[in-house]
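Each chain, written out:
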Amino acid sequence: MTTRFCLGLLACFLAWTSSGVGAQPVGTSVTTSSVAVSAQPISARALFSINLFDLDNQPASLANRQGQPMVVNFWARWCPPCRVEIPELVALQSRKTGVVVIGLNIETDPAPVRDFAYAYDINYPVLLTRTAGLDLMRALGNSKAGLPFTVVLNRQGDIVASHTGVVTKAQLDAAVALALR
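Calculation notes
Residues numbered from 1 in each chain as written. Predicted model: local features only at pLDDT ≥ 70, side-chain atom pairs only at ≥ 80, totals over all residues. Heavy atoms only, no water. Helix = DSSP H or I, 4+ residues; strand = E, 2+ residues; numbered from the N terminus. Expected span 1.5 Å × (residues − 1). Buried < 20%, exposed > 50% of the residue type's maximum accessible area, 1.4 Å probe, protein only. Axes fitted to C-alpha atoms, helices over the stretch in contact; angles between N-to-C directions. Parallel < 35°, antiparallel > 145°, perpendicular 65-115°, else oblique. Left-handed = near helix turned anticlockwise from the far one by under 90°. Contact = heavy atoms within 4.5 Å.

Chemist: Any chance you could explain helix H6 (residues 169–180) here in plain terms?
Modeler: Helical periodicity: at 3.6 residues per turn, an α-helix aligns residues three or four positions apart in one direction. Between the first and last C-alpha of H6 there are 17 Å, a value that for 12 residues agrees with the 16 Å anticipated at 1.5 Å per step. Those residues of H6 lying buried are Gln171, Leu172, Ala174, Ala175, Val176, Leu178 and Ala179.

Chemist: It is not clear to me how unusual backbone geometry should be interpreted in this structure. Could you clarify?
Modeler: The bulk of non-glycine residues show a negative phi, and the bulk of peptide bonds are trans. Pro148 follows Leu147 through a cis peptide bond whose omega is -15°. Within the element layout of this structure, Pro148 appears in the loop between helix H5 (133–139) and strand S8 (149–153). Positioned with a positive phi, Asp121 is a non-glycine residue whose angle comes to about 55°. Within the fold, Asp121 resides in the loop between helix H4 (110–119) and strand S7 (126–128). Backbone geometry places Arg130, a non-glycine residue, at a positive phi of 55°. Residue Arg130 is classed as partly exposed on the basis of its relative accessible area, which comes to 23%.

Chemist: Which parts of the structure should I look at to understand the packing of helix H3 (residues 80–94) against H6?
Modeler: Packed helices, taken two at a time, are described by the angle between their axes plus the distance between the axes. Across the interface, H3 lies against H6 with an axial gap of 10 Å and an inter-helix angle of 40°. As far as their axial angle goes, H6 and H3 are oblique. Crossing of H3 against H6: the hand is right-handed. Residues Glu88, Leu89 and Leu92 of H3 touch H6, and the partners they reach there are Lys169, Leu172 and Val176.

Rendered as structure tokens:
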């Protein structure tokens, strides 16, 4: 196993065991439905400027998504809590709420991620962050780089909420309301 993989697995485990029902604070925050609501939104500029890759290993970007409310979920195939929340993210995307769900996988090889996405019926865009994923999560407020990690962006591109650990339907519903404000 690579050192980065082991560190990522450790971060996933720590997030799962220590904050499965809690929230990762973003700046000064108050918590609503276990989603940390940012009192002073953090800019998600790094999210729109990072080089990503699609599941065909082609360069991709979220720059064309600026101005859209989004739920962005960082995950990995080997992360058990990530697997638990995927059905809720699929259901959210199916509800067509006006908020786009984006999956950012932190792995490097698109082929097994593509197969996994197909097996789990993932109906939202999945992009790979490759080696930049852990640093990107830290830049977006997840200091421990634990997985899964979800950020909610409003139309202005500000992070209005975040959560480390499994996100529930109630938390996603609260996130959608925040994103559409």
